[in-house]
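Topology and contacts: notes
Given next are the chains, with one letter for each unit.
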Amino acid sequence: MHAYDDDEEQLSFLKNCASSHIQFSQKVLKKSFVLGEFNKSTKDKGYSPSKRDASATGLGLFSGALFWQLLGQGMDNLRYGYDVFLAESPSAANIIFQHSRKLSALQAQ
């Protein structure tokens, strides 16, 4: 599933759709649900890093830290709006760190 919650109507649809997929994955398939990509574009009206971060953390079971384009130093030519530079975004780096810790804890069980 690919998710871009660009407006409230799309976000509402996305939450309902994702909820159905999560329930089906857990109850019928007995498998994890994977959100293939999500992010906020820096080109979107009203964009802010906090809104981008909320798209990675604010949907309960339906959250994660898989950004479409995670870039590093010297990769400025690849910017197109859906990119995240960790050096410029400590909040995104923290989200990735927190999710990595949770995944490691699950793996240890």
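The sections below set out a description of the structure shown in this document. As the structure is a prediction and not an experimental result, all values here were calculated from the model.

Within the protein chain one finds 3 helices and 4 strands. Sorting the 109 residues of the protein chain into buried and exposed places 32% on the buried side. Looking at the protein chain as shown, the accessible area adds up to about 7400 Å², and 56% of this sits on carbon and sulfur atoms.

In this section: the packing of aromatic side chains. The relative placement of two aromatic rings is captured by the distance of their centres and the angle of their planes. By the definition in use, this model includes 0 aromatic pairs. A cation over a ring is seen here: arginine 79 above phenylalanine 85, with NZ or CZ 4.0 Å from the ring centre.

The next point concerns the environment of threonine 42. Counting through the fold element by element, threonine 42 comes out in the loop between strand E2 (37–38) and helix H2 (49–57). Each C-alpha atom of the pair threonine 42 and tyrosine 80 lies 8.3 Å from the other, and the pair is 38 residues apart in sequence.

This brings us to the environment of serine 41. Position of serine 41 among the secondary structure elements: in the loop between E2 and H2. Put simply, serine 41 and glycine 81 are 40 residues apart on the chain and 4.7 Å apart in space, counted from C-alpha to C-alpha.

Turning our eyes to something else, we now look at the side chain of serine 25. Looking at the secondary structure, you find serine 25 in helix H1 (residues 8–29). On the basis of relative accessible area, serine 25 is assigned to the buried category, the value being 9%. Discounting residues that sit within four places of it in the chain, serine 25 has contacts with Lys30, Lys31, Ser32 and Phe33.

Our focus in this paragraph is the side chain of serine 48. By the element assignment, serine 48 lies in the loop between E2 and H2. A polar side-chain atom of serine 48 sits 3.0 Å from a polar atom in the side chain of serine 50.

Reading guide: rules and limits
Residues numbered from 1 in each chain as written. Predicted model: local features only at pLDDT ≥ 70, side-chain atom pairs only at ≥ 80, totals over all residues. Heavy atoms only, no water. Helix = DSSP H or I, 4+ residues; strand = E, 2+ residues; numbered from the N terminus. Buried < 20%, exposed > 50% of the residue type's maximum accessible area, 1.4 Å probe, protein only. Areas by Shrake-Rupley, 256 points an atom, 1.4 Å probe, with all protein chains shown as cover. Phe/Tyr/Trp six-rings, centres within 6.5 Å; stacked < 30°, edge-to-face > 60°. Lys NZ or Arg CZ within 6 Å of the ring centre and 35° of its normal. Contact = heavy atoms within 4.5 Å. Polar contact = N/O pair within 3.5 Å; in protein donor to acceptor, adjacent residues only side chain to side chain.

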